[in-house]
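As a plain string of letters, each chain reads:
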Amino acid sequence: MQWLKRLVWTLLALALLALSVVVVYVVRAAPQLDGRLPVAGVLAPVELRRDGADVTHIRAASDRDAWFALGWTHAQERGWQLEFNRRVLRGELSALFGEATLDTDKLMRTLGIVQAAQRQWAGLPDSAKAALLAYSEGINAFHAGNTRPLAAEFQLLKVRPGRWEPVDSLGWSIMMALDLGGNWGNEFARLSAAQALDNQRLWELFPPYPGEKPAASADLSTLYRELGVYRQPVATAGATKNEAAHAVNMRATGQNAGVDALQMAAWSQDFSNGMGTVDGKGSNNWVVSGKRTVSGKPLLANDPHLGLNAPAIWYFAHLEAPGLNAIGATLPGLPFVVLGRTQGVAWGFTNTGPDVQDLYLEYIHPENPKLYRAPDINGHPAWESFKTREETIAVKGKPAVHITVRETRHGPVLSDVQKSHAELLDTSRFVLALRWTALDADNHTVVAGLEGNRAQTVGELTEAFKRYHSPMQNVVMADTKGRIAYQAFGKVPLRKPANDIRGVAPSPGWDAKYDWQGWIAADDTPQDDGAKGWVATANQRITPPGYPHFMGQDWGVPYRFERIEELLAQRSRHDVHSMQAIQADVRSAAALRILPFLQKAQGSHPLAAQAQALLKDFDGQMRADQAAPLIVVAWADELTRALVTPRLGELRMKALYGKRQFRPLLEMALERNDSFWCGDKGCAVQSSAALDRALERLVRAYGKDMTRWQWGQAHAARSVHNPFDKVGALAPLFNVVTPTGGDGFTVNVGQYWLNDEKYPFANRHAASLRAVYDLSNLENSQFIYQTGQSGAPFYGRYADMAEQWGEGKYRPLQLQPTTVDHYLKLMPR
C-alpha cells in the first residue's frame, strides 16, 4: 500500500503545483489599471479612468492620442479578440486551428476582404487615415511594450499577436457588414428550395412581407429547371449541355415560358417589396419626442441584436480631446464610438436590411472553362475571361493549401469555395458570383463614424452619417434642443424596371437587365421627423407607402415593431423606466397566434393533459421561470419539421432549417388547414402527433416532472468564446451562460437555433447591449450588455454584467462619473 500512498501524494503535489502555476499566472497577467505607465508612441500624457460602471474614460490632449489610447486599451482588454478577428478577416485561422477552419479561410480569401479594404484605404481622406493609423499604432504599442504574460488564449495556443494595420480596421468594418447582410443566404435558400417546390409553394415557404405580393414576377422554379442549373436534375429538368445553352439564349432574349421581357417588366412594377428574413433576427430602436415624455425632452432607446460571444462584441468607452467628447459602445478594431452620445446628441442603430447583395448565375463557355458569358453585343453572345488570383493558406500540421480565386464582372465566385453551392449546382456549366456593395472602393463608413463622434445636434449627425455606406442602418437621433429624427443611412442599388427577379434569388449574369443601374440618393432614403411623437424601428419594412425605389424584400417579420408601437401608444408620457420596461417585454404575439391550434391538440402522451392545463392559462409571456413557453416552442419545432421535411427532403431541410424557422409558413398552414403542407393526415392530426413528440423530447431532456421545467433553463443565453467553446474542458471557463426569457419574436428577443443538437432552444442571438438616453439630462443615460469589459476569463470583470443584463438592470453612462475605481496615466516614453 506504500506505493498507493506515494501515488496519491505525488498526484496531490502535482495538483498543488499546477494550481500554483495558475495562481502565479493570474496574478502576473492581471492588466495594469492604476498608476503611471511609460508608453512609446503617445505624444502627451493620457488619462485612463475606469468608473463605477467599468466604463473606460480616455482623456487626451489631442484626438490623435485619444484614438491611440483607445487602440492601446482595446489591446490591453481584448487582445485575443482583436487577434482572432484579424485572422478571420484575413483568412488566416487555419494556421492556428488546422483544417477545421479551412473553409472559412477560403471564403474570406475569395471575398477579398483585405483587397477591398486596401482599395477603400486608398480613397480615404487624410483625417480618417490619421485616425486609423493612430489607433493601429496604439494596438501595436501595447503589444510591443507589454511586460506581462499574454492572455490565456495566446498561452494555450502558443501564438503571439500579429501586427494590426489600418486596413484591418477597414476589413473589420466590412466584416460587420457581412454579419448584418444575409441576403445572399436567402437567395441561395430560394435557389435550393426551388428545386423541390413549384413557384407557388416556394413563396409559401419564403412568404412576402405581410400584405405584400412577391417581389419577383419570374417563375423561379421554372426558370432554374429550364436553365438546367442543378447538379441533380429534377424530374422535369434533365437538360443536356446543348439544351442548357439553348435555355440561356432563350432567357437572354426574354423568351421564357412564352412571356417576353416587356411583359415581365410591366408585371414586376406591380409587385411590392417585403418579406420576413431569418425569423426574429434584428434589433430595436425608438425615439420619443418631448411632447410624449415626463421631462418634456426626448428619450431614445436602442438594443442591437447580434450573436452572443464572450467577450462581448462591444467595449464601452469615453473619448475626450479638444473637439471630441463621445461615450458609448466601441467595437474593438475601430477607433470611434459606434453607438452612444456626445454632450448634445444621442443615436441608436438597427439593421435596415436592404438588398445590397445579389447572386449571379454565370454561364461557363461549353468549350473553354476560362470564359463566362457576358451580355450580348449586337444580338450575339459575348464572353469574358475570369479574373484570377492565387492565394496560399497556411494550415497547421498540413501542407499549405493553394487556391485560385475567380472573379466575374459582378464579383467573386462563391461556388468555388462554398460546398453547399457546389453540391447544388452543375458547376461544369454554372457558377455563382456575388455583387456586394460593402466591397466597393467608395465604402467610407469609418468616416461617418469618426465625424459622428463630433456632432452636437441632429442636423450635424445627419450630415456626418450621409457618409455611411455599409451596412445600411436605421438611425434614430435626438438632441438636447428637443429635435428627434429617423433616417436610413447607407448605399442601396437601384434595379432596372425590367428586372423580374429583383435580387430575391440568383439572376442570370449574362442578361444586362439584372445589372444594377445606380444608387438611391442619400437624401432619398427613408426618413421621419417624428411628427406623431415617436419613431420606432425593429427591422420591419421601412419604406413608406408610395416610396418610389425598391430596396429589397427580406424585412423582419413585424411582431417586435408592432409590440413596440403598442407599448409606446399605451402611455401619454414616458420616462427612462418605461423605456426600460419596453426593452424587457417578453410577450410573444407569434406564440399567441399559433397557441389556439396547440390547445386543440389531442395528444396521447401521459403528460398531454398536464401540458394542456398549463397552456390553458398561457398569456404569451415567454417568462424564464415558466414551462408553457418551452412546450409551445418544442411543439412548433416538431410540427414544422413534420410539415416541411417531406416536401424539401431531409438533407435540404437540415441545410435550410434551424436559424430559419419557417414560422410564417407554419402560421399559414394551420390557419388554412393546408392539405399540401399538412398532407393527407390533415393539420389537426399532425398537430397532435407533434405534441406527443415534443413532450417525449422534453421528458428526455428535463425529466418527467413538468413542474421543474423552465423556459429559462432551456433558453439560457450562451455567450460563447472563440475558439474555446469547442473545447469541452475549457468551455465552462470561457463561456458565459445566463437564464433568459423571450423568444425570436419578442421585444426582449432571444433567437434560438433549432438545428443545434445539444442546445436547440438556447438564446444565441439577443440584445448585444441595451441603452436608454435621457435628453433632459444625458448624465441620466444608462446601459448594459451581456458579459463584461475584460476579455480575461479569470477576472471578475469578464462577466460581471451578465446577471444584471439577464434581469433587465442597467448601469450609468456618464461623461462625468460620480466614482472612479481605477486611474492609469499613460506617459510619453
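Above this text sits the structure in question.
Everything numeric here is computed off the predicted structure, so don't read it as measured data.

Asks: Residue-level account of the pairing of strand β30 (residues 820-828), with values.
Replies: As judged from the five bridges shared by strand β1 (residues 35-39) and β30, these two strands associate in the parallel manner. What sits directly across from Gly-35, in β30, is Leu-824. Bridge analysis of strand β2 (residues 46-51) against β30 gives six bridges, and the strand direction is antiparallel. In the strand pairing of β30, Val-46 is matched with Leu-826.

Asks: Explain unusual backbone geometry to me, and be specific about the residues and the numbers.
Replies: Cis peptide bonds are those with omega within 30 degrees of zero, and the linkage from Ser-470 to Pro-471 qualifies with -5 degrees. By secondary structure assignment, the location of Pro-471 is in the loop between α16 (458-465) and β16 (473-479). The omega angle of the peptide bond from Asn-722 to Pro-723 is 5 degrees, so this bond is cis rather than trans. Looking at where Pro-723 falls in the secondary structure, it is placed in the loop between β23 (717-719) and α27 (731-734). Non-glycine residue Asn-539 carries a positive phi angle of around 70 degrees.

Asks: Any details on the nonpolar core? Residues and values, ideally.
Replies: Core analysis: the largest hydrophobic core is formed by 238 residues, its most contacted members being Leu-205, Tyr-224, Trp-314, Trp-635 and Trp-709. Among the elements that make up this core, the one with the highest residue count is helix α21 (residues 628-648) (13 residues). Those residues in contact with Trp-314 that sit more than four places away from it in its chain are Arg-78, Pro-304, Leu-306, Ala-329, Thr-330, Leu-331, Pro-332, Val-338, Leu-339, Ser-768, Leu-769 and Tyr-785. Counting residues in each nonpolar core, the second largest holds six residues, with Phe-386, Val-413, Val-431 and Ala-433 among its members.

Asks: Tell me about the packing of aromatic side chains, and name the residues and values.
Replies: For the structure on display, the rule yields 25 aromatic pairs. Relative to Trp-510, the ring of Tyr-363 has its centre 6.2 Å away and its plane inclined at 65 degrees; by these criteria the two rings are edge-to-face. Pair noted here: Tyr-363 is in strand β10 (residues 357-363) and Trp-510 is in the loop between β19 (507-508) and β20 (516-519), with a separation of 147 residues, a long-range link. In this structure Tyr-363 comes out as buried when scored by relative accessible area, which is 4%. Between Phe-676 and Trp-677 the ring centres are 5.0 Å apart and the planes differ by 90 degrees, which places this aromatic pair in the edge-to-face class.

Asks: How would you sum up the packing of helix α5 (residues 113-122) against helix α8 (residues 166-180)? Please name residues and give values.
Replies: Across the interface, α5 lies against α8 with an axial gap of 8 Å and an inter-helix angle of 115 degrees. Regarding the angle of α5 to α8, the classification is roughly perpendicular. Here α5 and α8 pass one another in a crossing that is right-handed. Where α5 approaches α8, its residues Ile-113, Ala-116, Ala-117, Gln-118, Gln-120 and Trp-121 are matched on the opposing element by Pro-166, Val-167, Leu-170, Gly-171, Ile-174 and Met-175. Across the contact of α5 with α8, the residue classes tally to nine nonpolar, three polar and no charged.

The rules behind each value
- Residues numbered from 1 in each chain as written.
- Predicted model: local features only at pLDDT ≥ 70, side-chain atom pairs only at ≥ 80, totals over all residues.
- Heavy atoms only, no water.
- Pairing = 2+ DSSP bridges.
- Helix = DSSP H or I, 4+ residues; strand = E, 2+ residues; numbered from the N terminus.
- Core = buried A, V, L, I, M, F, W, Y, C linked by side-chain atoms within 4.5 Å.
- Buried < 20%, exposed > 50% of the residue type's maximum accessible area, 1.4 Å probe, protein only.
- Contact = heavy atoms within 4.5 Å.
- Phe/Tyr/Trp six-rings, centres within 6.5 Å; stacked < 30°, edge-to-face > 60°.
- Axes fitted to C-alpha atoms, helices over the stretch in contact; angles between N-to-C directions.
- Parallel < 35°, antiparallel > 145°, perpendicular 65-115°, else oblique.
- Left-handed = near helix turned anticlockwise from the far one by under 90°.
- Nonpolar A, V, L, I, M, F, W, Y, C, P; charged D, E, K, R; others polar.

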